[in-house]
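If you want the building blocks of each chain, they are given just below.
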Amino acid sequence: MIRLTEIRLPLDHPPEALVADIVRRLDIAQDDLLAHTVFRRGYDARRRGAIMLVYTVDCTVRDEDAVLARLAGTPHVGPAPDTDYHFVMRDGAAFADRPGYRRPVVIGAGPCGLLAGLLLAQMGLRPLILERGKVVRERTVDTFALWRKSVLTPESNVQFGEGGAGTFSDGKLYSQVSDPRHYGRKVLHEFVKAGAPEEILYLSKPHIGTFRLVSMVEHIRAEIEALGGSYRFDTRVEDIVLATDADGMRRVAGLRLADGEEIAADHVVLAVGHSARDTFTMLHAHGVAMEAKPFSIGVRIEHPQSVIDAARFGPQAGNPLLGAADYRLVHHATNGRAVYSFCMCPGGTVVAATSEEGRVVTNGMSQYSRAERNANAGIVVGVTPEADYPGGPLAGIAFQRHWERQAFLAGGGDYRAPAQRVGDFLAGRPSTHLGAVEPSYRPGVTPTDLSACLPDFVVLAMREALAAFGRELNGFDMADAVLTGVETRTSSPLRIPRGPDGQCTNVAGLYPAGEGAGYAGGILSAAIDGIRVAEAVALTMAGRPVDG
Ligand code: FAD
């Protein structure tokens, strides 16, 4: 197969223009093009009014070797890489059938834990998945209770429960992680098998929306169980049981659950996400290697989607091939801080995303249609250990908690969030009312002064950035745009280092993985890391080398 990249065609091109461009680029007769599939389709909207579609296409042609030889060295033409997934093990049942077999245990049923569990099940290793929250449908009821009635269930919410943090989300599925083995492709294929739209396989910025994510998570569960894996919900891992090898190395021997039950385990994937603060505290108390890492904090901003569409797409706003416009903005502020847009949700809503009582946290989600009135995104500022939160690996959690608490108090102490008009924020005065942009956050917002809920350097950097973003994207700094705070759970505040064999550097058998352990930031990268770690577990169980 031959891959052609950078095929650029106008937004309104007729279907035959793509084939015409392929045969022209390959310099072959049309009859010699036997088949073609679009591997990726994106768009280039840098020139408003002249937006181009950009294709990557895989082609089957007559006498492929000769065509490739003739075009050797030509930019954007080459053999298509093998993006199929190749299992490192298929005969796990041979281990699993042995007497005394101890199944690998996965803690957490978020994207990382689910893909780790799925891969282990597909390899025949019959994993056990432990999830502190509830099955996804019950979890949905609890999550809505916070949004509609201000009732938080600390073990079942936007962060905790089947599907993990990404379930009530926009379901954006792109990532910038290096993926030389094309694990991302495997994830996308598994998602399609579970019910995601086929287009996620070729759109450059695919998304699923929250509604489908719920049933996809159920499909993945059904497959894992059909392959001999099993789940336990409402099952919080509260402690790890450690043993010491003859050479002095500590290793996992088991897990203690919240109800006191102990489960023997030699291979434990730790895919607990960034909000498992109690779990991190427990691991730290055991001396598990851990270091503070940078993350970002800030607020969510909301504009009418129509303002963003017009700013990005100009006269081509509303074209169904483009959908609701997104944006990605970065500003380096004069106080040395990087300010950037985070987890942008076109046509979506801002959601209450706390997992702890007495705190307010924002995030964003949308349906597949992205048809809600407002666009929202985090506008966040980088913070770093020691300079901003000195005191060791858990200091970032204390920092997050402090600002989440301030937001809770500023919102009125009943899970409403503090909010401010951009005009007021820029002028440094509290908002007493909101304007034309109606905030979507539920259970509601309290107009106030957000500077009480954020460090001064964050406020300063954001003020400067909003003005700069307004110059880049017309209307971005409109006075009635709404800021809702605070956005603190942008990524994990710590990292649990692991070796090339995927295991924790000072506890064998513990495989830190996904966002919580500092190896991912988003659904796709967390799922990719789940595959990586599942392979490490399988190879280690088989006594084969793990090449990292
Ligand atoms: P998580 O998804 O956090 O899963 C961890 C799981 O572990 C949880 O289910 C938790 O209950 C469980 N757990 C924790 N501790 C224990 C314990 N002690 N015992 C048992 N179980 C435990 N990313 C994107 O790429 N695109 C988006 O559009 C997007 N939108 C988002 C919208 C929202 C509202 C939120 C909150 C996040 C969004 N994200 C998005 C981020 C994305 O969800 C995360 O990056 C991703 O879910 C991380 O996956 P994970 O498996 O590492 O951890």
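Residues numbered from 1 in each chain as written. Predicted model: local features only at pLDDT ≥ 70, side-chain atom pairs only at ≥ 80, totals over all residues. Heavy atoms only, no water.

Looking now at the overall build of the protein chain. For the protein chain, the count of helices and strands is 13 helices and 23 strands. For 548 residues, the compact-globule estimate of 2.2 N^0.38 gives 24 Å, and the C-alpha radius of gyration of the protein chain, at 24 Å, lies within 12% of that figure. A principal-axis box enclosing the C-alpha atoms of the protein chain has dimensions of 70 × 65 × 40 Å. Counting every position in the protein chain, which comprises 548 residues, the buried fraction comes to 57%. Considering only contacts within the protein chain whose residues lie at least 6 apart along the sequence, 73% involve residues at least 24 apart. On the protein chain, roughly 21400 Å² of surface is accessible, and the fraction owed to carbon and sulfur atoms is 52%. (Helix = DSSP H or I, 4+ residues; strand = E, 2+ residues; numbered from the N terminus. Rg over C-alpha atoms; globule rule 2.2 N^0.38 Å. Buried < 20%, exposed > 50% of the residue type's maximum accessible area, 1.4 Å probe, protein only. Contact = heavy atoms within 4.5 Å. Areas by Shrake-Rupley, 256 points an atom, 1.4 Å probe, with all protein chains shown as cover.)

Bringing the confidence of the model for the protein chain into the picture now. Taken as a whole, the protein chain shows an average pLDDT of 96; of its residues, 100% reach a score of 70 or greater. Strand E5 (residues 105-107) holds the highest mean pLDDT among the elements of the protein chain, 99, whereas helix H3 (residues 93-96) holds the lowest, 92. (pLDDT = per-residue confidence, 0-100.)

The local shell around the ligand holds 38 residues, among which Cys112, Glu131, Ala165, Glu515 and Ile523 are the closest. For the ligand, an oxygen atom lies 2.9 Å from a polar atom in the backbone of Gly522. Of all the secondary structure elements, the ones that give two or more residues to the shell around the ligand are helix H4 (111-122), strand E17 (362-365) and helix H13 (523-541). Split by domain, the residues of the shell around the ligand number at least three in each of domain 2 (93-290 + 496-541) and domain 3 (292-487). (Near = heavy atom within 4 Å. Polar contact = N/O pair within 3.5 Å; in protein donor to acceptor, adjacent residues only side chain to side chain. Domains from an automatic or database assignment.)

This part takes up the pairing of strand E1 (residues 2-10). A regular strand places its side chains so that they alternate between the two faces of the sheet. One ladder, built from three bridges, connects E1 with strand E4 (residues 77-79); its direction is antiparallel. Bridge pairing links Arg3 to Gly78 in E4. Pairing of E1 with strand E3 (residues 52-61) involves seven bridges; the strand directions are antiparallel. Residue pairing across strands places Ile2 opposite Cys59, the latter belonging to E3. (Pairing = 2+ DSSP bridges.)

This paragraph deals with the environment of Gly347. Structurally, the position occupied by Gly347 is in the loop between strand E15 (338-345) and strand E16 (349-352). For the pair formed by Gly347 and Tyr389, sequence separation is 42 residues and the distance between their alpha carbons is 35 Å. If sequence neighbours within four positions are ignored, Gly347 has contacts with Gln305, Ser366, Arg370, Ala371, Glu372, Asn374 and Ala375.

Attention now moves to H4. When the terminal C-alpha atoms of H4 are compared, their 16 Å separation across twelve residues agrees well with the 16 Å that a helix rising 1.5 Å per residue should span. Taken across its twelve residues, H4 has twelve buried, putting it largely inside the fold. Burial in H4 covers these residues: Pro111, Cys112, Gly113, Leu114, Leu115, Ala116, Gly117, Leu118, Leu119, Leu120, Ala121 and Gln122. In the segment just after H4, Gly124 is the residue with positive phi, at about 95°. (Expected span 1.5 Å × (residues − 1).)

What follows deals with the sheet that holds E3. Across the sheet, which stays open at both edges, the four strands sit in the order E2-E3-E1-E4 with antiparallel pairing between neighbours. Whereas interior strands pair on both sides, the edge strands pair on one side only; in this sheet they are strand E2 (33-44) and E4. Going from strand to strand, the sheet's axes swing by 30° on average, the running direction of each strand aside. Relative to E3, E2 runs antiparallel, the two being bridged by ten bridges. From the neighbouring strand, Asp44 faces E3, where its bridge partner is Met52. (Axes fitted to C-alpha atoms, helices over the stretch in contact; angles between N-to-C directions.)

Before going further, it helps to spend a moment on the domain arrangement of the protein chain. As assigned here, the protein chain comprises domain 1 (2-79), domain 2 (93-290 + 496-541) and domain 3 (292-487). Here domain 1 and domain 2 have C-alpha centroids that lie 39 Å from each other. On the side of domain 2, five residues touch domain 1, which itself brings five residues to the contact. In total, about 510 Å² of surface goes out of reach between domain 1 and domain 2, with carbon and sulfur atoms giving 48% of it. (Buried area = accessible area lost by both parts, 1.4 Å probe.)

Attention shifts here to the nonpolar core. Core analysis: the biggest nonpolar cluster contains 85 residues, and Ile22, Leu26, Ile301, Tyr327, Val339, Met462 and Phe476 have the highest contact counts within it. For this core, the leading source of residues is helix H12 (residues 456-472), giving seven residues. Discounting chain neighbours no more than four positions away, the residues touching Val339 are Leu329, Val330, His331, Ala333, Ile379, Val380, Val381, Ala461, Met462, Ala465 and Phe469. Among the nonpolar cores identified, the runner-up in size contains 53 residues, and Leu125, Ile220, Phe233 and Ala526 belong to it. (Core = buried A, V, L, I, M, F, W, Y, C linked by side-chain atoms within 4.5 Å.)

Moving on, we come to the packing of aromatic side chains. In total, this model carries 13 aromatic pairs according to the counting rule given. Ring-pair connections join several aromatic residues into one group, and the members of that group are Phe295, Tyr389, Phe399 and Trp403. We note Arg495 situated over the ring of Tyr519; from NZ or CZ to the ring centre the distance is 4.4 Å. (Phe/Tyr/Trp six-rings, centres within 6.5 Å; stacked < 30°, edge-to-face > 60°. Lys NZ or Arg CZ within 6 Å of the ring centre and 35° of its normal.)

Within the structure shown, the criterion is met by 42 salt bridges. Arg256 serves as the salt-bridge partner of Asp239, at 3.2 Å between the closest nitrogen and oxygen. Placement of the pair is Asp239 in strand E8 (residues 237-244) and Arg256 in strand E9 (residues 250-257), with a sequence separation of 17 residues. Note that Glu404 and Arg489 form a salt bridge whose closest N and O atoms lie 3.0 Å from each other. Taken together, the residues span a long stretch of sequence, with Glu404 in helix H10 (residues 395-411) and Arg489 in the loop between strand E21 (482-487) and strand E22 (494-495) at a distance of 85 residues. Judged on exposure class, the residue Glu404 and its partner Arg489 are both buried. Connected via shared salt-bridge partners are Arg277, Glu356, Arg359, Arg401, Glu404 and Arg489. (Salt bridge = Lys/Arg side-chain N within 4 Å of Asp/Glu carboxyl O.)

This part takes up the sheet that holds strand E18 (residues 374-383). Strand-to-strand pairing in sheets goes through backbone hydrogen bonds, with the strands running parallel or antiparallel. If you walk across this open sheet you meet the seven strands as E14-E15-E18-E13-E21-E19-E20, and the pairing is mixed. Lying at the two open borders of the sheet, with one neighbouring strand each, are strand E14 (330-332) and strand E20 (445-447). Geometrically, the sheet is characterised by an average inter-axis angle of 30° between neighbouring strands, direction not taken into account. Bridge analysis of strand E19 (residues 417-421) against E20 gives three bridges, and the strand direction is parallel. Residue pairing for E20: Ala417 is matched across the bridge by Val445. Lying on the sheet, H10 is in contact with strand E13 (295-304), E18, E19, E20 and E21; it crosses E13 at an angle near 35°. Strand contacts of H12: E13, E14, E15, E18 and E21, with the helix running at about 125° to E14, the strand carrying the most contacts.

For the rest of this paragraph, the subject is the pairing of E16. Neither face of E16 is open: one carries Thr349 and Val351, the other Val350 and Ala352, and all of them are buried. As judged from the four bridges shared by E16 and E17, these two strands associate in the antiparallel manner. Considered in E17, the bridge of Thr349 is made with Met365.

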